[in-house]
Amino acid sequence: FLVWLSVGYLLPLLMPFLLGAALALAAEPMTRFFQNRLRLPRTLSTGLSVSMAFCLLFLAVLLLAAFLLRELKLLAGILPDLEQTARSGMGMMEQWLLSLTDGTPPSIRPLLHRNVTQLFSGGSRFLDGATKWLLGLAGMILTHVPDSALSLATAVISGFMISAKLPRLKLWLDRRLPREKL
């Protein structure tokens, strides 16, 4: 129950801060470089390094989205052919099943023949169901965009704050969690 409660309720609340901590840890080598080599204060080093890490992460996601969009364009060009192929395949399956019903006893042959034709008469029903499911999925993804944007903004802000206090946080964790237990 506690695991379900923590995954269901606490994880969504803590996720932006966990992402911020990951961003701060990813930017830590750059922060130390700015702090030690360029002799910049910790806050300025943190601001520069977390900003650069976030920009690099954003560019990687943007590049991935561009590749995904290119592949979706290709898929959109192929989709009409796929629909026609699916319809012809369903027609062939209907003919095959009807030929199988011809070999059944005459008493149940009309029932089977009627069921097969009824099943495939709404052949587009399968394709319509798949289309509705895909549109529903797209709508569900779009409804989560504002929440994701707020979580991302919280993660970036917490990344700046965690990175600024990271040496103190590490020291505090070292005191609380001895190395032997880890």
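Relevant structure appears above.
Values in this document were obtained by computation on a predicted structure and should not be read as measured data.

Colleague: Would you explain the packing of helix α1 (residues 2-36) against helix α2 (residues 42-101) in this entry?
Modeller: The geometry of a pair of packed helices is captured by two quantities: the angle between their axes and the separation between those axes. Close contact between α1 and α2 brings their axes to 8 Å; oriented N to C, the two are set at 130°. One way to sum up the angle between α1 and α2 is to call them oblique. Once α1 is placed against α2, the crossing between them reads as right-handed. Contact residues: α1 offers L23, A27, E28, M30, T31, F34 and Q35, while α2 offers R42, S45, T46, L48, S49, V50, M52, A53 and F54. Each residue belonging to the contact of α1 with α2 can be placed in one class, and the counts come to 9 nonpolar, 5 polar and 2 charged.

Colleague: Please explain the pattern of salt bridges as it appears in this structure.
Modeller: The final tally for this structure, using the stated rule, is 3 salt bridges. Put simply, R32 and E28 hold a salt bridge, and the shortest N to O gap is 3.5 Å. One end of the pair is R32 and the other is E28, both in helix α1 and 4 residues apart, which spans about a single turn. Since its relative accessible area comes to 6%, E28 is described here as buried. One salt bridge connects R70 with E71, and the closest N-O pair in it is separated by 3.7 Å.

Colleague: What exactly am I supposed to notice about the packing of α1 against helix α5 (residues 145-164) here?
Modeller: Taken N-terminus to C-terminus, the directions of α1 and α5 make an angle of 45°; their axes are 7 Å apart at the nearest point. What the angle tells us is that α1 and α5 run oblique. Our pair here, α1 against α5, has a crossing hand that is right-handed. Contact residues: α1 offers P16, F17, L19, G20, A21, L23, A24, E28 and T31, while α5 offers S151, T154, A155, V156, S158, G159, I162 and S163.

Colleague: Explain unusual backbone geometry here, please?
Modeller: Residues apart from glycine generally show negative phi values, whereas peptide bonds are mostly found in trans. Of note, the phi angle at R39 is positive, near 60°, even though the residue is not glycine. A relative accessible area of 68% places R39 in the exposed class.

About the criteria used
Residues numbered from 1 in each chain as written. Predicted model: local features only at pLDDT ≥ 70, side-chain atom pairs only at ≥ 80, totals over all residues. Heavy atoms only, no water. Axes fitted to C-alpha atoms, helices over the stretch in contact; angles between N-to-C directions. Helix = DSSP H or I, 4+ residues; strand = E, 2+ residues; numbered from the N terminus. Parallel < 35°, antiparallel > 145°, perpendicular 65-115°, else oblique. Left-handed = near helix turned anticlockwise from the far one by under 90°. Contact = heavy atoms within 4.5 Å. Nonpolar A, V, L, I, M, F, W, Y, C, P; charged D, E, K, R; others polar. Salt bridge = Lys/Arg side-chain N within 4 Å of Asp/Glu carboxyl O. Buried < 20%, exposed > 50% of the residue type's maximum accessible area, 1.4 Å probe, protein only.

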